[in-house]
Every structure is written in C-alpha cells, then in structure tokens.
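Here's the letter readout for the chains.
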Amino acid sequence: MATDVRIAQAIGTLGCALAASGIATLSIMSIPNIIIPARRPPGATLPFQDTPETPTAHLTHQWLDLYTRGSKIFPGISAVSSLANLYALWTLQNSPTPGPDILGLGSSWSTCYLLAVGVTMSIVPFTLTAMKKTNAKLKAHATRGDAADAEGSESMVVSPQEKAKQAREDSEVLELLQRWSKLNLIRATLPLIGAGIGFYAAVSSWTIP
C-alpha cells in the first residue's frame, strides 16, 4: 500500500475522531462549566441540576463565543478529513474490495468512504435543521442588547411589557443551554461514526500489496 494512501487514511480517520471529540467536549465540559454556580454544594457531580449565579446575558454571551469558535473549527476539520477519505477512495477504487460486509450496505470502497464522508459532513445539515430553533433563541438572547449598546441608549426606559418578555426569555436560558448540550452531543456522534467507518476501511486495506 502506497504511503500517500496511508497518510490519507490517517488524516481521514483521526480528523473525524478529532472533530467528534472536540464537539463532544462542548457538551461534556464547556456547557456544564459555564452554568455552574459560584459555589457548588459539596458532593455535587451534575452541574445541570444547579442554578447558575452568572447573569443569563453573560451565559448566552459565553455560549455564543463557544458556538462561533466551534463553527470556524469543526466544519473545517471535518471537510479536510472528508477530502482525505475521498482521496483514499479515488486511489483504492480499482483495488480488491474490503473484507466482510459488516456495514450491511455492500462491501466496496465507495460504500465505506462515501458513507464516512456523508455522516461526517452531516454535522452541517444537522446544525441547520435539528439545532436551528435552539440556536436562534440563544443567539437572540445573546445579542438582545447589542443595538441599544451601539446607539448608547442602554439606559432608555423599558416598558413593563418588554420587561416581562425579557424576564420570560431569561427564565428559558438554562433549559435552552441544556437542550443545546444534548443536541450537540448527538451531533458529535456523526463524525465519530465517520471515524469508525474510516478505520474499518483502513484496516481492510492492510492486506492490499
């Protein structure tokens, strides 16, 4: 097996795994950390059950920073990994087919690598569909006061109706962050599946001279 194919397989598999772990870290560590109260009760292990003492405006600002950074990093990693997998497919297309059909979709390099690319890059449509509503609400809350700040009118009088609306939005923040965390963890499984398929394809190619 040529060295360039090995390198492409390594980039494809490890890149998918890196994207999956990075995305999952946001749900496993980042979100629980930003919603933790100033002082956790002794023995507490699940921050999701606590009530954060951080102002809700700052919570969503922190989330928006995480989201913005992630949107610039993880799709790029997934794209590079997918390109590497497509290169491996192009190189191996005339080689003997991979081993047993453990995927149940037919044993071929096209099946393996196109499936790996498909599930990995599906993080984009998943974000734009399953997570769209939650993302929109969190973004709206995070940027709620931006216009007033820009105009220097942050001290303007707010009507009772607007105050009630803002209070209702504030009360939803914790639930929205928890929901986003769960959806994001589901999203992390997509490149993880891609990594598993890529690893299977790489192992299957070891016997090719």
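Cut-offs used in this document
Residues numbered from 1 in each chain as written. Predicted model: local features only at pLDDT ≥ 70, side-chain atom pairs only at ≥ 80, totals over all residues. Heavy atoms only, no water. UniProt positions renumbered as here; feature names shortened; annotations may be inferred. Core = buried A, V, L, I, M, F, W, Y, C linked by side-chain atoms within 4.5 Å. Buried < 20%, exposed > 50% of the residue type's maximum accessible area, 1.4 Å probe, protein only. Helix = DSSP H or I, 4+ residues; strand = E, 2+ residues; numbered from the N terminus. Contact = heavy atoms within 4.5 Å. Phe/Tyr/Trp six-rings, centres within 6.5 Å; stacked < 30°, edge-to-face > 60°. Salt bridge = Lys/Arg side-chain N within 4 Å of Asp/Glu carboxyl O. pLDDT = per-residue confidence, 0-100.

The name that an unreviewed UniProt entry assigns to the protein is DUF1772 domain-containing protein, with the source organism given as Penicillium vulpinum. Looking at the Sequence similarities (unreviewed entry) heading of the UniProt record, one finds this comment for the protein: "Belongs to the anthrone oxygenase family." Per its UniProt entry, the protein bears the Subcellular location (unreviewed entry) comment "Membrane".

Help me understand the nonpolar core in this model?
General note: in soluble globular proteins, nonpolar side chains tend to be found buried as a group. Counting 22 residues, the largest nonpolar core has Ile31, Trp63, Leu138, Leu177 and Trp180 as its most contacted members. Put simply, the parts of the chain that give this core at least two residues each are α1 (3-34), α2 (56-92), α4 (123-129) and α7 (160-204). Here this core takes 7 residues from α7, the largest share from any one element. In contact with Trp63, not counting residues within four places along its chain, are Ile31, Ile34, Asn135, Leu138, Lys139, Leu177 and Trp180. Counting residues in hydrophobic clusters, the runner-up holds 14 residues, among them Ala8, Ala84, Trp109 and Ile197.

Quick question: what am I supposed to make of the packing of aromatic side chains here?
One pass over the full model with this rule turns up 4 aromatic pairs. When the ring of Tyr87 is compared with that of Trp90, the centres are 5.9 Å apart and the planes differ by 40 degrees; the resulting orientation is tilted. One end of the pair, Tyr87, and the other, Trp90, are both in helix α2, 3 residues apart, so they sit about a helical turn from each other.

Where do I start with the pattern of salt bridges in this structure?
Pairing between side chains of opposite charge can happen when the charged atoms of each approach one another. This structure, assessed with the given rule, holds 4 salt bridges. The closest approach of N and O atoms between Asp170 and Arg144, which form a salt bridge, is 3.1 Å. Taken together, the residues span a long stretch of sequence, with Asp170 in helix α7 and Arg144 in the loop between α5 (132-142) and α6 (146-151) at a distance of 26 residues. Here Arg179 and Glu175 are joined by a salt bridge, their closest N and O atoms 3.4 Å apart. Remark: Glu175 and Arg179 occur in helix α7; sequence separation between them is 4 residues, near one turn of the helix. The class of Arg179 is partly exposed, set by a relative accessible area of 32%. Taken together, the shared-partner salt bridges in this structure form one network comprising Arg144, Glu169 and Asp170.

Just checking my understanding: could you explain the confidence of the model for the protein for this structure?
As a note on interpretation, predicted positions should not be read in detail where pLDDT is low. Confidence along the protein averages 85 in pLDDT terms, with 80% of residues attaining 70 or more. Put simply, α6 is where the protein has its lowest mean pLDDT, 57, and α4 is where it has its highest, 96.

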